[in-house]
Amino acid sequence: MAAGVGIAGVGVMAGATADAAQNHEEYPVRGLRAPVEVIEDRYGVPHIYARNEDDLFFAQGFNAARERLFQIDLWRRRGLGRLAEVLGPAYVKQDRATRLFLYRGDMDAEWARYSPDAQHIATRFTDGINAYLDWLDANPEHLPPEFDKLGYGPARWDPADVVRIRSHGLTRNLTSEVERVRVACAAGLDADEIRQGLQPDHRVEVPDGFDPCAVPGDVLKVFDLATRGVEFSEGWVRKSARDAAAEGSNNWVVSGERTATGRPILANDPHRSYSAPSLRYLAHLSAPGLDVIGAGEPALPGISIGHNGTVAFGLTIFPVDQEDLYVYQLDPADHRRYRYRDGWESMTVLSEQVEVRGGAAQTVELVFTRHGPVIHVDEERNLAYAVRTAWLSPGMSPYFGSIAYMRARNFDEFTRAMRNWGAPTENQVYADVDGNIGWVPGGLAPKRVGFDGLLPVPGDGRFEWDGFYSGDDLPRQLNPAAGFIATANQFNLPSEYQGLGLGYEWTNPFRHQRITEVLSQQRRHTVADSQELQNDQLSIPARRLLALLSDVDSGEADLRRALRLLRRWDAVESADSGAAALFEVWLSKHLGPGFVAAAVPKAAKIIDDPDTLVLLGELEKPGRWLPNAAARDRLLLDTLRSAYAEVRELLGRADPTWEWGNLQQSYFQHPASAAFCEGERSHYDVGPLPRGGSPDTVNQSAYRFSDFRQTAGPSFRMVLDVGDWDSSVAVNTPGQSGNPGDPHYRDLAEAWQNGEYFPLAYSRAAVERIAERRMLLLPA
């Protein structure tokens, strides 16, 4: 490589030398104790080799800034509430909202919850980020283009930034509490079962002294601002509301007794909102005492999903309820005081300055009760609303706790590392080179006294938390007789743990049912089998609804065509399937809303998307929500008729030409894309790409009903051959790099679309075979 030519779209540092024959570059860096070698393979995965852990985490931070600088800088600014200082006054309200949810507790207690060297790791990681920023100061021509276009520069990091930011984690169940309130006010609490079925069976009761109809419609406006991403538009902030995305995950681990090689196989494909670059970043960290590879979030040190040469681990969300909305009666004479037990208690008020680009700094007030940040005050009713959330407790920085479990060498060490796991609540599956497989859920779970967390409660002292359950209080499993373990956010609490009140809102079981169905039939499971299963698009809800259609008929020509198309279908929602297009339009836009209108008409304008499990149960055995089978059949035919007409409008009258992928499209949008002119966006955005699957298939695809654009799904996949690590595979999308001009920015999108993977090289010999670029960091 010629001198001055960039590596990964960034560039050669001042004073570096390059060897064209070997793609070798040397960089002097302040802050290193010894040289660090970085080999970037042909898929964009950095393999970082250091002589000590201090330098290893420093180099990880340096490399994260090199590859994902705009992404992690925006993450930090949003999380700390420092957007207005670079984007202007339109962001002051979001900055204030986000600051309400920063960790403000004791930092010694915070660091101690992760690992003895947690603060040191974060310090070295942020030192590495700052070292890269030092280099950029001397080489401003290599600043990522987003900064130039938006007119500001990246900021230096403090180690506390890594853990104080909490609002980027996956939260639950505050929004569901408020949705339940709206349904209860309109149609009664029982009607909410159509929106969200509860597991285990549970009857919700309105807390004494709480009026569901008193909760204002915008009660979560501040909370939504605090937890949303940064929204841009051409010129400034985007005005439209963001689309929510269903986020979940799959993982499984198969014992060597059920694999072709006799070694365990562990697979994981977490599902998150789509963006360019991806949420996750693959890396290999190697130093004496630590040799771990896999995926993490680029703004955090360590690896969250992967293996360390002895132990493999992969995660999904374990839907524990960590949030409650509290309602306070205010002192009519002083709205900064609220009723608590037998008296009035004063709120805590903090004043902070928000720096504003292009204008004077603004003072904002942050108000807290004993339970948490105040997000709304109803002046007319003398009511205030505050959020109590476990993720403001020590040790709750999302995913940072992985620095402890990524070093585990056996199941006991892994479970000890998960004992204090805080957020997000997780199902971890485990495997090791000795052939063991296991399941270890984790997450800080409140012990509620006298209430279930499903509705807001008065904040007068009658509804409190009595501490938290630890990881030792949660179930776990080692080497089950079935020979495999799978989780997909489904209800998986053993009966003896169901009385703890950990949560009642779980993801529907369809993905887990399909995974279990496939794995139980395979006695010689392979890595290729896991890859195929991660890409499986068979819909169990479709299979169940097709069975119902076998008993209905119609004399109408269009309905006969629709029925014929669906009855000939195998329930696989491939991108080229016309039946899948009809089925998804029918289920999401016609059958679901039609069921709500028939069952609970007073809530029809509130419940946009009924619980599919509840819907299927009623259609198969009508009697509770629908009067009888005849009413069920009318609903099926009436909604199928309108769905068929809509698909004709969307895809044309000839149903043999229909394809689901012509409706559902994947689109990886850069976070600031909307701020750029239309002609520039194709440089930053990736897609659209035809997409199969649905929210209920293993190859999950959540889409928005307005235009069927995919909003979430698996952006990263990994299948690990435990013990023969170089036979493991992975894929990220749309690419590893966050630099739009880099080939690795979008080079994996097509592979992902086609269900393809690349080898996840672990041994030095395997890495050398696919080495593409080399970088040597030298102590300056």
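Scoring rules and cut-offs
Residues numbered from 1 in each chain as written. Predicted model: local features only at pLDDT ≥ 70, side-chain atom pairs only at ≥ 80, totals over all residues. Heavy atoms only, no water. Helix = DSSP H or I, 4+ residues; strand = E, 2+ residues; numbered from the N terminus. Rg over C-alpha atoms; globule rule 2.2 N^0.38 Å. Buried < 20%, exposed > 50% of the residue type's maximum accessible area, 1.4 Å probe, protein only. Salt bridge = Lys/Arg side-chain N within 4 Å of Asp/Glu carboxyl O. Pairing = 2+ DSSP bridges. Contact = heavy atoms within 4.5 Å. Polar contact = N/O pair within 3.5 Å; in protein donor to acceptor, adjacent residues only side chain to side chain. Axes fitted to C-alpha atoms, helices over the stretch in contact; angles between N-to-C directions. Left-handed = near helix turned anticlockwise from the far one by under 90°. Nonpolar A, V, L, I, M, F, W, Y, C, P; charged D, E, K, R; others polar. Disulfide = S-S within 2.5 Å. Phe/Tyr/Trp six-rings, centres within 6.5 Å; stacked < 30°, edge-to-face > 60°. Lys NZ or Arg CZ within 6 Å of the ring centre and 35° of its normal. Parallel < 35°, antiparallel > 145°, perpendicular 65-115°, else oblique. 1 Å grid on protein atoms, 1.4 Å probe; cavity = no way out; pocket = protein on both sides within 12 Å on 5 of 7 lines; lining within 4 Å. Points joined across faces, edges and corners; volume = space filled by probe spheres on them.

Trainee: Any chance you could break down the overall build of the chain for me, citing the residues and the numbers?
Mentor: Within the chain one finds 22 helices and 32 strands. For 780 residues, the compact-globule estimate of 2.2 N^0.38 gives 28 Å, and the chain sits close to it at 26 Å. Counting only C-alpha atoms and orienting by the principal axes, one finds that the chain spans roughly 80 × 70 × 55 Å. Here the chain, with 780 residues, has 62% of them falling under the buried criterion.

Trainee: Just give me the short version of the pattern of salt bridges, but keep the residues and values in it.
Mentor: Scanning the model with the defined rule gives 55 salt bridges in all. Close ionic contact of Arg-228 with Glu-231 constitutes a salt bridge, the shortest N to O distance being 2.8 Å. Residue Arg-263 is joined to Asp-721 by a salt bridge in which the shortest nitrogen-to-oxygen separation is 2.8 Å. Pair noted here: Arg-263 is in the loop between strand E5 (249–254) and strand E6 (265–273) and Asp-721 is in strand E29 (residues 716–721), with a separation of 458 residues, a long-range link. In this structure Arg-263 comes out as partly exposed when scored by relative accessible area, which is 24%.

Trainee: Describe the pairing of strand E19 (residues 437–442), naming the residues involved and giving the relevant values.
Mentor: Across the six residues of E19, six count as buried, placing the element largely inside the fold. Here E19 shows no split at all, with Ile-437, Trp-439 and Pro-441 on one side and Gly-438, Val-440 and Gly-442 on the other all buried. With six bridges connecting them, strand E18 (residues 426–432) and E19 associate as antiparallel partners. Counted as the bridge partner of Asn-427 is Pro-441 from E19. Count of turn residues in the E18/E19 antiparallel hairpin: four residues, of which Gly-435 carries a positive phi of about 95°. In the sheet, E19 pairs with strand E23 (residues 477–478) via two bridges, with the strands oriented antiparallel.

Trainee: Summarise the environment of Arg-280; cite the residues concerned and give the values.
Mentor: Inspection of the secondary structure assignment puts Arg-280 in the loop between E6 and strand E7 (281–287). For Arg-280, a relative accessible area of 2% corresponds to the buried category. In sequence terms Arg-280 and Phe-716 are 436 residues apart; their C-alpha atoms lie 7.1 Å from each other. Setting aside its immediate chain neighbours within four residues, Arg-280 contacts Arg-68, Pro-270, Arg-272, Ala-295, Gly-296, Glu-297, Ile-305, Leu-315, Tyr-399, Phe-716 and Asn-732. For Arg-280, the side chain forms a polar contact with the side chain of Tyr-399, separated by 3.3 Å.

Trainee: Account for the packing of helix H17 (residues 578–599) against helix H18 (residues 612–620), with residues named and values stated.
Mentor: In the contact formed by H17 and H18, the axes pass within 11 Å of each other and the chain directions differ by 65°. Between H17 and H18 lies a crossing whose hand is left-handed. Across the interface between the two elements, Leu-587, Leu-591 and Phe-595 from H17 touch Leu-615, Glu-618 and Leu-619 from H18. Each residue belonging to the contact of H17 with H18 can be placed in one class, and the counts come to five nonpolar, no polar and one charged.

Trainee: Lay out the state of the cysteines in plain terms, naming residues and giving numbers.
Mentor: Under the defined criterion, the tally for this structure stands at one disulfide. Paired by a disulfide, Cys-185 and Cys-213 hold their sulfur atoms 2.1 Å apart. Since a negative S-S torsion denotes a left-handed disulfide, the Cys-185-Cys-213 link at about 115° is right-handed. In this pair, Cys-185 sits in helix H8 (residues 174–187) while Cys-213 sits in the loop between helix H9 (192–195) and helix H10 (221–227), placing the two residues 28 residues apart along the sequence. A relative accessible area of 41% places Cys-213 in the partly exposed class.

Trainee: Help me get a handle on the packing of aromatic side chains, residues and values and all.
Mentor: Under the criterion given, the structure shown has 33 aromatic pairs. With a centroid separation of 6.5 Å and an interplanar angle of 50°, the aromatic rings of Tyr-91 and Phe-232 are classed as tilted. Of this pair, Tyr-91 sits in the loop between helix H2 (84–87) and helix H3 (92–100) while Phe-232 sits in the loop between H10 and E5, and the two are 141 residues apart along the sequence. Accessibility expressed as a relative area gives 3% for Phe-232, which makes it buried. Judged by centre distance (5.6 Å) and plane angle (35°), the rings of Tyr-132 and Trp-135 are tilted. One end of the pair is Tyr-132 and the other is Trp-135, both in helix H5 (residues 118–138) and three residues apart, which spans about a single turn. Both residues of the pair, Tyr-132 and Trp-135, belong to the buried class. Taken together through their ring pairs, the aromatic side chains of Phe-313, Tyr-405, Phe-411, Phe-414, Trp-421 and Tyr-430 make up a single cluster. Seen from the ring of Tyr-340, Arg-370 lies directly overhead, with NZ or CZ sitting 4.0 Å from the centre. In this arrangement the basic side chain of Arg-764 is found over the ring face of Tyr-49, its NZ or CZ atom lying 4.4 Å from the centre.

Trainee: Kindly report on the packing of helix H13 (residues 510–520) against helix H15 (residues 540–549), identifying the contributing residues and their values.
Mentor: At a minimum axis distance of 9 Å, the contact between H13 and H15 shows a crossing angle of 95°. The angle between H13 and H15 falls in the class roughly perpendicular. Residues Phe-510, Gln-513, Arg-514 and Glu-517 of H13 form the contact with H15, whose own contacting residues are Ile-540, Pro-541, Arg-543 and Arg-544.

Trainee: Got a sec to walk through the layout of surface pockets? Specific residues and values, please.
Mentor: Looking at the second largest pocket, its volume works out to about 440 Å³. Of all the secondary-structure elements, those providing two or more residues to the lining of the second largest pocket are H3, H10, strand E12 (334–340), strand E15 (362–368) and strand E16 (374–378). The element that contributes the greatest number of residues to the lining of the second largest pocket is E16, accounting for four residues. Partitioning the lining of the second largest pocket into residue classes produces eight nonpolar, two polar and seven charged.

Trainee: Break down empty space enclosed by the protein for me, citing the residues and quoting the values.
Mentor: Within the structure shown, the criterion is met by three cavities of 30 Å³ or more. Roughly 70 Å³ of internal volume is contained in the largest cavity. When residues of the lining of the largest cavity are traced back to their parent elements, those giving at least two are helix H1 (53–80) and E7. With three residues, the single largest contributor to the lining of the largest cavity is H1. Looking at the lining of the largest cavity residue by residue, the class counts come to six nonpolar, four polar and one charged. When its volume is computed, the second largest cavity comes out at roughly 60 Å³. Residue composition of the lining of the second largest cavity, by class: five nonpolar, three polar and three charged.

Trainee: I'd like to hear about unusual backbone geometry, residue by residue, with values.
Mentor: For the peptide bond that leads from Gln-199 to Pro-200, omega is -5°, which places it in the cis range. Among the structural elements, Pro-200 can be located in the loop between H9 and H10. The omega torsion of the bond from Ala-276 to Pro-277 falls at 5°, within 30 degrees of zero and hence cis. Of note, Pro-277 is situated in the loop between E6 and E7. Positive phi outside glycine occurs at Asn-382, with the angle close to 60°. Position of Asn-382 among the secondary structure elements: in the loop between E16 and strand E17 (383–389). The class for Asn-382 is buried, based on a relative accessible area of 18%. In this model, Asn-489 sits at a positive phi of 70°, which is unusual for a non-glycine residue. Structurally, Asn-489 can be placed in the loop between strand E24 (484–487) and H13.

These values are about where atoms sit, not about what they do.
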